[in-house]
Amino acid sequence: MKKIQMVDLSSQYQRLKHEIDLRIQSIMEQGHFIHGPSVKLLEEELQEFLQVKHVIGVGNGTDALQLAFMALDLQPGDEVIIPSFAYAALPEVLLLLNLKPVFVDVTAATFCLDVTQIEQKITKKTKAIAPVHLFGGVAEMDSIIQIAKKYGLFVIEDAAQSIGAQYCSGATYGFAGCLGDIGTTSFFPSKNLGCYGDGGAVFTNSDLLAEKVRKLANHGQSKKYFHDIVGVNSRLDTIQAEILRIKLSKLVEYNQIRNDLAEQYISGLSGIDDLILPSKSTHSTHVFHQFTLRLKGQSETREQFRNYLTNQGIPSMVYYPLPLHKQIAYLQDVQLKVSEQLCEDVISLPICPELTHENQEYIINNIRQYFKKN
Ligand SMILES: *Cc1c(COP(=O)(O)O)cnc(C)c1O
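Residues numbered from 1 in each chain as written. Predicted model: local features only at pLDDT ≥ 70, side-chain atom pairs only at ≥ 80, totals over all residues. Heavy atoms only, no water.

Novice: Residues and numbers for the sheet that holds strand 12 (residues 275-276), please.
Specialist: With respect to topology, 3 strands assemble into an open sheet ordered 12-13-14, the strand pairing being antiparallel. Whereas interior strands pair on both sides, the edge strands pair on one side only; in this sheet they are strand 12 and strand 14 (346-349). Direction of pairing for strand 13 (residues 291-295) relative to strand 14: antiparallel, over a ladder of 4 bridges. Note on strand 14: the bridge partner recorded for threonine 292 is serine 348. (Pairing = 2+ DSSP bridges. Helix = DSSP H or I, 4+ residues; strand = E, 2+ residues; numbered from the N terminus.)

Novice: Can you tell me about the nonpolar core, naming the residues and giving the values?
Specialist: In this structure, Phe69, Phe85, Ile118, Ile129, Met141 and Ile144 are the most contacted members of the largest nonpolar core, which totals 68 residues. Ranked by residues supplied to this core, first place goes to helix 3 (residues 61-70) with 6 residues. Apart from the residues within four sequence positions on either side, isoleucine 129 is in contact with Ile81, Leu113, Ile118, Ile144, Ile147, Ala148, Leu153, Phe154, Val155 and Ile156. (Core = buried A, V, L, I, M, F, W, Y, C linked by side-chain atoms within 4.5 Å. Buried < 20%, exposed > 50% of the residue type's maximum accessible area, 1.4 Å probe, protein only. Contact = heavy atoms within 4.5 Å.)

Novice: Please give an account of the sheet that holds strand 9 (residues 200-204) that cites residues and values.
Specialist: Pairing in this open sheet of 7 strands is mixed, and the strands run 1-9-8-5-4-2-3 from one edge to the other. A single partner strand is all that each edge strand has here, and the edge strands are strand 1 (54-58) and strand 3 (100-104). On average, each strand axis in the sheet is inclined to that of its neighbour by 25°, with strand direction left out of account. In this structure, strand 2 (residues 79-83) lies alongside strand 3, joined through 5 bridges in parallel fashion. What sits directly across from isoleucine 82, in strand 3, is phenylalanine 103. Docked against the sheet, helix 3 engages strand 1, strand 2, strand 4 (126-129), strand 5 (154-158), strand 8 (182-186) and strand 9, running at close to 165° with respect to strand 8. Contacting strand 1, strand 8 and strand 9, helix 6 (residues 207-217) runs over the sheet at an angle of about 15° to strand 1. (Axes fitted to C-alpha atoms, helices over the stretch in contact; angles between N-to-C directions.)

Novice: Quick rundown of the packing of aromatic side chains? Include the residues and the values.
Specialist: Enumeration over the complete set of coordinates arrives at 14 aromatic pairs. Ring geometry for phenylalanine 111 versus phenylalanine 135: centroids 5.0 Å apart, planes at 70°, classification edge-to-face. You can see phenylalanine 111 sitting in the loop between strand 3 and strand 4 and its partner phenylalanine 135 sitting in the loop between strand 4 and helix 5 (141-151), a full 24 residues away along the chain. Accessibility assignment for this pair places phenylalanine 111 and phenylalanine 135 in one class, buried. Considering the side-chain rings of phenylalanine 305 and phenylalanine 371, the 5.2 Å spacing of their centres and the 45° angle between planes classify their relative orientation as tilted. Here phenylalanine 371 lies in helix 11 (residues 357-373) and phenylalanine 305 lies in helix 9 (residues 299-311), a separation of 66 residues in the sequence. The pair phenylalanine 305 / phenylalanine 371 is uniform in exposure class, with both members buried. Aromatic ring contacts, followed pair by pair, group Phe85, Tyr87, Phe111, Phe135, Tyr319 and Tyr320 into a single cluster. (Phe/Tyr/Trp six-rings, centres within 6.5 Å; stacked < 30°, edge-to-face > 60°.)

Novice: Can you break down the site of the ligand residue by residue, with the values?
Specialist: Neighbouring the ligand are 13 residues; Gly61, Thr62, Asp158, Ser186 and Lys191 lie closest to it. Between the ligand and asparagine 60 there is a distance of 3.4 Å, counted from an oxygen atom to a side-chain nitrogen or oxygen. Measuring from a nitrogen atom of the ligand, one finds a side-chain N or O atom of aspartate 158 at 2.7 Å. Compared with its free state, where it exposes 380 Å², the ligand has 92% of that area covered by protein. Residues belonging to the shell around the ligand are distributed by class as follows: 5 nonpolar, 6 polar and 2 charged. (Near = heavy atom within 4 Å. Polar contact = N/O pair within 3.5 Å; in protein donor to acceptor, adjacent residues only side chain to side chain. Areas by Shrake-Rupley, 256 points an atom, 1.4 Å probe, with all protein chains shown as cover. Nonpolar A, V, L, I, M, F, W, Y, C, P; charged D, E, K, R; others polar.)

Novice: Explain the pattern of salt bridges to me, and be specific about the residues and the numbers.
Specialist: Scanning all chains against the criterion turns up 15 salt bridges. Residues arginine 15 and glutamate 354 are paired through a salt bridge, measuring 3.7 Å at the closest nitrogen-oxygen approach. Remark: glutamate 354 occurs in the loop between strand 14 and helix 11 and arginine 15 occurs in helix 1 (residues 9-30); sequence separation between them is 339 residues. (Salt bridge = Lys/Arg side-chain N within 4 Å of Asp/Glu carboxyl O.)

Novice: Lay out the pairing of strand 5 in plain terms, naming residues and giving numbers.
Specialist: For strand 5, a buried count of 4 out of 5 residues is recorded, marking the element as mostly surrounded by other parts of the structure. When strand 4 meets strand 5, the two strands line up parallel, connected through 2 bridges. The partner of alanine 128 across the bridge, within strand 5, is phenylalanine 154. With helix 5 bridging strand 4 and the parallel strand 5, this β-α-β connection has right-handed handedness. Pairing of strand 5 with strand 8, which is carried by 3 bridges, proceeds in the parallel orientation. Note on strand 8: the bridge partner recorded for isoleucine 156 is isoleucine 182. (Right-handed = clockwise from strand over helix to strand, strands pointing away.)

Novice: Tell me about the packing of helix 2 (residues 37-50) against helix 7 (residues 238-248), and name the residues and values.
Specialist: At their nearest, the axes of helix 2 and helix 7 sit 8 Å apart, and the two run at 35° to each other. Regarding helix 2 and helix 7, the two cross each other, and that crossing is left-handed. Packed against helix 2, whose contacting residues are Ser38, Val39, Leu41, Leu42, Glu45, Leu46 and Phe49, the element helix 7 presents Thr238, Ala241, Glu242, Leu244, Arg245 and Leu248 at the interface. Across the contact of helix 2 with helix 7, the residue classes break down as 8 nonpolar, 2 polar and 3 charged. (Left-handed = near helix turned anticlockwise from the far one by under 90°.)

Just geometry here; none of it tells us what the structure is for.
The structure is reproduced here in structure tokens:
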């Protein structure tokens with residue numbers, strides 16, 4: 001049996017090796033390593049795929065978020081509503097820009113912002129809502145956009161884990177990351193669309209915001225050596241862009257495999273009383289960046305279960321062990337019960353497209369075995 005991994009990038013490379021090696025070699029020979037033609041081609045292909053007007057390739061997913069907020073011209077102390085059960089990039093970027101993260105709870109069913117708890121956190125200083133589309137699902141964007149309109153707020157979407165997921169509810173439809181004012185993604189190697197190093201992108205349908213982000217990402221220059229605003233240096237390089245072009249052509253197929261694997265898990269693990277399986281929203285498709293279960297009971301139960309899996313050669317991960325409002329760096333004295341509970345009971349299983357049928361059967365059988373005994 002093949003060794004089971006959470007993410008199996010080397011098997012994926014073996015399958016794409018011929019094409020990738022040829023294209024990388026050709027870039028090496030052309031010598032356009034920065035702002036080469038592949039970057040523009042990738043941006044255009046992503047615009048077409050996501051049906052969004054502008055895609056701007058940048059250095060990584062965290063930079064993409066930083067650039068999105070820099071483009072909005074917010075004032076120090078302005079508040080941004082974000083989920084507490086998510087990755088750290090959002091509060092980090094906000095605090096670096098002297099903005100204030102205002103943490104809101106998520107729902108256990110979606111792992112995304114609880115839209116019923118947003119309005120009570122809005123103050124005179126609130127300027128934006130920033131949902132994170134966690135694990136491959138999509139937040140309840142129609143409600144979020146309605147609230148944003150009512151209070152005159154921007155909507156910035158973190159779609160690092162949900163590229164390719166589609167949403168449709170009420171007046172809101174389209175791809176994750178392309179529904180609000182600005183969306184961002186990450187091309188970190190383990191993401192659904194990942195490169196072989198760092199990379200990210202910003203999405204927007206606004207010409208004005210696109211121009212601003214492009215300028216900010218390029219030292220605030222309008223022309224070479226003429227700097228209009230204080231920017232940063234954040235570029236997607238040519239080799240990464242070319243690798244992403246190859247992988248973008250497989251994204252639909254890979255996301256479908258992830259969905260098939262999720263279905264296998266759901267049918268294979270159904271009927272186990274101690275487990276809560278993830279469910280798909282009726283408003284969106286899912287791209288299963290993670291397959292995340294919840295364990296009923298105490299966190300010791302989870303540790304015991306994870307140890308068992310490790311001993312059986314089955315890797316697992318806890319995304320995430322501590323909510324953002326309880327992190328030392330972003331500490332806030334609020335209570336967000338669902339986020340706190342999820343951090344105690346979630347566990348993610350391998351779901352990469354390279355996971356073999358045989359290996360998934362092995363994982364399912366071992367988990368069934370464990371809950372029969374315990
Ligand atoms: C991966 C990730 C990021 C950060 O992306 P980098 O490219 O590593 O900077 C931001 N937000 C979420 C939700 C992520 O999963």
